[in-house]
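# Residue-level structural notes
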Amino acid sequence: MATTASTTSTEFELSPVKFSRLTRRGIILGLSLPQVIALSVAVAVFVASLYAGGPAALYTAPIWGTALALAAVPVGGRKLVEWVPITLHWLLRQALRQTQYRKRVVKPRPAGTLALPGDAAPLRQYQDPESGAVMVHDPHEQTLTALLEVTHPSFILLDPGEQERRVHAWGRVLSTACRSTRIARLQVLERTVPDSGSGLAQWWAEHGNDDDSWVARTYRELIDRAGPAGERHISTISLSLDMKTASRAIRTAGGGLKGAAVVLRQEMQTLTTALRTADLKPSDWYTPGQLAVMLRSAYDPAIAATLERSGDIGQELAAAGPVAVEETWDGLRSDSAHHAVLWISEWPRSLVYPGFLAPLLLSSGIRRSFTLLCDPVRSDQAARDIRKKKTEYISDAAQRQKVGQIEDAQQTAEYQDVLQQESDLTSGHGVLRYTGLIAVSATTEDELEAAVSAIEQAAIQASCETRRLVGQQAQAFVAAALPLCRGI
């Protein structure tokens, strides 16, 4: 009996997982390229002043002292020299008035565009005639993207054995994406939206007895008022085709967007099959109207519930973009909301279980979008990157030993992560680069700050570290809140 109980207790035990650390490896001795340049300038000026003799070293102190401070002084988790390009780029965009957007109502948009601001303005739509799905074409990055909605049972309510099985099944889905060399990016977007009450209204229309009595009128009014009381969680998966890598297959299929749509449709079928194998229920691929409602709701959350209950109103991609957008250093304001984007800079460093994101994803009363960008890496490229990292770590260790610098635990742990990645790659697993983004929205600035603080606390409970992005909020919002497989 004791042996049976022991076997039963370990049979359904969840396996903990561990993430690699954020690499802080530099060119030499842990110094990044901007730091090396700043230190080189400081040393060159100081040595030249010493050869000049006299008080030249004092006269040039502002130059070499400033360069030394830029390379050594940390601010906000970065050295001062790393803030220089970010600040200069932000000042340039402000001077060119690129931080403000106003929709020109009397000037028509080019046909086929999505009416989005900023660097997302060139995105164009293409509707696949066979599947009816909308495909978003990025002419600069040469990608073609399609998306679908996924429904699934609540993961945290499943028993440990079922959770473990679903984790392995989702791993096979990601492995499928890695094996295809034509996929540029996979985006998983989980967002909260106000419940419009359309489900209750549909149930009443199908099962209710609307005889215009006092009871029926009271019940109908209650359904109309129940929409804003709750919220729903919607999960979408976006698939982006790399048109450069798939150029030969696209030419074989007819060339142009039509040929790219044929190739992307093959990847869509493969992904749908993999999702069903993982016990996830994929919906039909999004149509232009569904994507238009999603884009409009992201920039104008106040109208989301109304659009969902209004039938065909608002399902025009040419008018789905915002009317006005104003970007600040650490925030963004659109039609009816203020937004802020957080970057998950550190995933859990210790062993955690698969449901570790529950405090972050299940936080109620906050309108937010959680995005996970997955960039597949080809096996040959991943092997080259791992060999390069190993060589750099070994050479850095030899250089530190030569100058007498002590090896710290963080550098050793990063090297062990590289060895683990090499072992996983040798075992046949795929390599993906993950980027986690959280877009938080609120009606006022005070509510936004309170919501950001709550999300940061939830991230701490999930053993994650978050940072508020600065100088690039508009671009980060497109990547975090819109299902377009955009990066930053």
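Residues numbered from 1 in each chain as written. Predicted model: local features only at pLDDT ≥ 70, side-chain atom pairs only at ≥ 80, totals over all residues. Heavy atoms only, no water.

### Re the overall build of the protein
Helix and strand counts for the protein come out as 17 helices and 15 strands. In terms of principal-axis extent, the alpha carbons of the protein reach across some 100 × 75 × 55 Å. Buried positions account for 40% of the 488 residues belonging to the protein. Partitioning the intrachain contacts of the protein with sequence separation of at least 6 by distance along the chain shows that 75% fall at a separation of at least 24. Total accessible area on the protein stands at roughly 26,000 Å², and carbon and sulfur atoms take up 57% of it. (Helix = DSSP H or I, 4+ residues; strand = E, 2+ residues; numbered from the N terminus. Buried < 20%, exposed > 50% of the residue type's maximum accessible area, 1.4 Å probe, protein only. Contact = heavy atoms within 4.5 Å. Areas by Shrake-Rupley, 256 points an atom, 1.4 Å probe, with all protein chains shown as cover.)

### Quick look at the environment of Leu271
Examined against the element boundaries, Leu271 turns out to sit in helix H10 (residues 256-277). Each C-alpha atom of the pair Leu271 and Ala121 lies 28 Å from the other, and the pair is 150 residues apart in sequence. Sequence-distant contacts of Leu271, defined by excluding residues within four places in its chain, comprise Val173, Leu186, Ile237, Leu239 and Trp285.

### Considerations on the packing of helix H6 (residues 160-179) against H10
Relative orientation of the contacting elements H6 and H10 amounts to 165°, with a least axis distance of 9 Å. By the angle class used here, H6 and H10 are roughly antiparallel. For H6 against H10, the interelement crossing comes out right-handed. Within the contact between the two elements, H6 uses Trp170, Val173 and Thr176 and H10 uses Thr270, Leu271, Ala274 and Leu275. Partitioning the contact of H6 with H10 into residue classes produces 5 nonpolar, 2 polar and no charged. (Axes fitted to C-alpha atoms, helices over the stretch in contact; angles between N-to-C directions. Parallel < 35°, antiparallel > 145°, perpendicular 65-115°, else oblique. Left-handed = near helix turned anticlockwise from the far one by under 90°. Nonpolar A, V, L, I, M, F, W, Y, C, P; charged D, E, K, R; others polar.)

### Let's talk about empty space enclosed by the protein
Under the definition given, this model contains 1 cavity of 30 Å³ or more. A volume near 120 Å³ is recorded for the largest cavity. The wall of the largest cavity is formed by Arg191, Thr192, Met294, Ser297, Ala298, Arg367, Arg368, Ser369, Ala439, Ser441, Phe477 and Ala481. Secondary-structure elements contributing two or more residues to the lining of the largest cavity are strand S7 (183-194), helix H11 (288-299), strand S13 (367-377), strand S14 (431-442) and helix H17 (473-481). (1 Å grid on protein atoms, 1.4 Å probe; cavity = no way out; pocket = protein on both sides within 12 Å on 5 of 7 lines; lining within 4 Å. Points joined across faces, edges and corners; volume = space filled by probe spheres on them.)

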